[in-house]
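Listed here are the chains, written in short residue letters.
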Amino acid sequence: MGQSARISWARLSDRQKAFIRESTLTYRGNSYGGMTFKGLGLTDRNTVVLAQPSWHQGFALYTNHYRPGTKNDLRYATFNGSGAGDVVVAANIELLTAPSSDGCYVIDAQEDEVVIPYRMSGRIQSYTGLAANRDIRFCGVGHADAWTLGQSEGPWSVEAFLRVNRNQLDENKTATIVLEGQAWAVSHQGDISLARTEKTVNIRAEDQEAPLAVDVDIVGAIRYFNGRTNALGRLLPANPLRFLGLESLRVILRFNRPPGTISCSFGNVDRRLTGRVDKTKYEISFPVPLGMTTMDWEGRRLKPSAALRVCATELNQSDKRIEVVVPGIEITGTVYDIAHLQIGR
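For the structure given in this document, a descriptive report is provided here. Within every chain, residues take consecutive numbers counted from 1 along the sequence as written. Reporting of local features is limited, given that this is a predicted model, to residues whose pLDDT is at least 70; pairs of side-chain atoms are given and counted only at 80 or more, and all residues count toward the totals for whole chains, interfaces and linings. Values reported for side chains reflect all heavy atoms of the structure, with hydrogen atoms and water molecules removed beforehand.

**As for the overall build of the protein**
So, step 1. A run of H or I in DSSP becomes a helix once it reaches four residues, and a run of E becomes a strand once it reaches two; helices and strands are each numbered from the N terminus. Each helix and strand in the protein was counted, giving two helices and 21 strands.
So, step 2. In terms of overall size, the protein is more extended than a compact globule, its C-alpha atoms giving a radius of gyration of 44 Å where 345 residues would be expected to give roughly 20 Å.
So, step 3. Along the first, second and third principal axes, the C-alpha atoms of the protein reach 155 × 40 × 30 Å.
So, step 4. When the 345 residues of the protein are sorted by exposure, 40% land in the buried category.
So, step 5. Total accessible area computed for the protein in this model is approximately 20,100 Å², and 47% of it derives from carbon and sulfur atoms. What the globule rule says is 2.2 Å times the number of residues to the power 0.38, and the radius of gyration is computed from C-alpha atoms. Using a 1.4 Å probe on the protein chains alone, a residue whose accessible area is under 20% of its type maximum counts as buried, one over 50% counts as exposed, and one in between counts as partly exposed. In short, Shrake-Rupley with a 1.4 Å probe defines the accessible areas, and a residue's cover is counted only from the protein chains shown.

As structure tokens, then:
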């Protein structure tokens, strides 16, 4: 055992050696009244340090020694001693943007979520017992989604983001979320010192505006198909969406709030407007294009009915757009079919 004993003790610092020699020893979890290194007659020569003193797990000695008071009763045993100290780790979470005046982070009316950046940091706050910086093998800070290894006493830090969507809020359009992080230090012997921290974040959402919407009215200048009898004695069907070719149409657009851009398409006609911040009602005029006849004078179907399409974007948000289609538009003949030559007398 001599050489093994010398090597095992040579790896220890003077403080570690002194700690072992002064510690109470246990055998199978029992100190038997307070066994000590000196009391058992142990020396550097008849003990092998199986495990150096660690922060939490303590140390272990393998010995061969004579039972106290005898010279021929040789005993073999493995003794354990208590931990040699600890490292106190501190952790912190810092929010990198300030909340509103009421202490809440706000999901704006035009947005579906809020993104809150924050920083987790950690450091070695103090050492106790035999613990020292040289004992530390790893240290770091963070959580499962964002973490970093540290160096020396720190501080060490890592940044992360909290994303909160509207669908995470309660019926009051609020939420309370607890951010969690931790800092740690691990010794060469596998001891772990851990510090947890948390930060409460309050969220509220502004009432979300209804999506951009538009009501579309199409008014013909002649309104020939009005359910009345014409000059030839023919009863005309009542259909506000039936027009004559070349009849002038007024497309009246009423938005629920000012739009950004507007486009109106009908056949080969395409009209575009730029919205104004103080205006929600717009009118677009154009003649019914020729060649779009869908129904003859007797009401027989010639081709599928036509449709008018209105597209608009949100003011200052060109990526948000709506499209409204007005189907069922019928075209019969042209305005010349109802023009009559009148001869004066």
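**Topic: helix 1 (residues 2–10)**
So, step 1. Listed as buried for helix 1 are Ala5, Ser8 and Trp9. Burial along helix 1 is one-sided: seen end-on, the buried residues are contained in an arc of 95°. Counted as exposed and oriented over 90 degrees from the buried face of helix 1: Gln3, Arg6 and Ala10.
So, step 2. Contacts made by the buried residues of helix 1 are with helix 2 (14–22) and strand 3 (47–51). Here the arc refers to the directions that run from the helix axis out to each C-beta atom. Residues are treated as being in contact if the distance between any of their heavy atoms lies within 4.5 Å.

**So, the nonpolar core**
So, step 1. Residue types Ala, Val, Leu, Ile, Met, Phe, Trp, Tyr and Cys, when buried and joined through side-chain atoms within 4.5 Å, form a set referred to as a nonpolar core. Ranked by internal contacts, the top residues of the largest apolar core, which has 31 residues, are Met120, Leu162 and Ile203.
So, step 2. Put simply, the parts of the chain that give this core at least two residues each are strand 6 (85–95), strand 7 (105–107), strand 8 (113–129), strand 9 (136–143), strand 11 (156–165), strand 12 (174–187) and strand 13 (192–205).
So, step 3. Those residues in contact with isoleucine 203, other than ones at most four positions away along the chain, are Tyr105, Ile107, Val114, Ile116, Val164, Leu169, Lys173, Thr174 and Ala175.
So, step 4. Formed by 26 residues, the second largest nonpolar core is a distinct cluster that contains Val216, Phe286, Ala312 and Ile322.

**A word on the packing of aromatic side chains**
So, step 1. Centre distance within 6.5 Å is the pairing criterion for rings of Phe, Tyr and Trp, where only the six-membered ring of Trp is used; planes under 30 degrees apart are then read as stacked, over 60 as edge-to-face, and the remainder as tilted. In total, this model carries eight aromatic pairs according to the counting rule given.
So, step 2. Their ring planes at 80° and their centres at 6.1 Å tell us that phenylalanine 19 and phenylalanine 59 sit as a pair that is edge-to-face. Here phenylalanine 19, found in helix 2, pairs with phenylalanine 59, found in strand 4 (residues 59–66); they are 40 residues apart in sequence, far enough to count as distant.
So, step 3. An angle of 35° between the planes, with centres 6.1 Å apart, marks the rings of phenylalanine 266 and phenylalanine 286 as tilted. Of this pair, phenylalanine 266 sits in strand 17 (residues 259–266) while phenylalanine 286 sits in strand 19 (residues 281–287), and the two are 20 residues apart along the sequence.
So, step 4. Using a relative accessible area of 1% as the deciding quantity, one classes phenylalanine 266 as buried.
So, step 5. On the basis of relative accessibility, which here comes to 2%, the residue phenylalanine 286 falls in the buried class.

**Observations regarding helix 2**
So, step 1. Listed as buried for helix 2 are Gln16, Lys17, Phe19 and Ile20. For helix 2, the buried positions fall inside an angular range of 160° around the axis, keeping them on one side. Those residues of helix 2 that are exposed and aimed more than 90 degrees away from the buried face are Asp14 and Glu22.

**What to know about the sheet that holds strand 16 (residues 248–255)**
So, step 1. One bridge is not enough; two strands pair if DSSP finds at least two bridges between them. Taken together, three strands build an open sheet; the order of strands is 14-16-19 and the sheet is antiparallel. Each of the sheet's edge strands pairs with one partner strand only, and the pair in question is strand 14 (214–220) and strand 19. When strand polarity is set aside, the average angle formed by the axes of neighbouring strands in this sheet is 20°.
So, step 2. Bridging between strand 16 and strand 19 involves seven bridges; their strand directions are antiparallel. From the neighbouring strand, arginine 250 faces strand 19, where its bridge partner is serine 285. Simply put, an axis is a line fit to the C-alpha atoms, just over the touching stretch for a helix, and the angle between two N-to-C directions goes from 0 to 180 degrees.

**Concerning the sheet that holds strand 7**
So, step 1. Reading across the sheet, the five strands line up as 7-13-12-9-10 and stay open at both edges, with mixed pairing between neighbours. Lying at the two open borders of the sheet, with one neighbouring strand each, are strand 7 and strand 10 (146–149). The average angle at which neighbouring strand axes cross in this sheet is 25°, direction not considered.
So, step 2. Across six bridges, the pairing between strand 9 and strand 12 is antiparallel. Note on strand 12: the bridge partner recorded for cysteine 139 is alanine 185.

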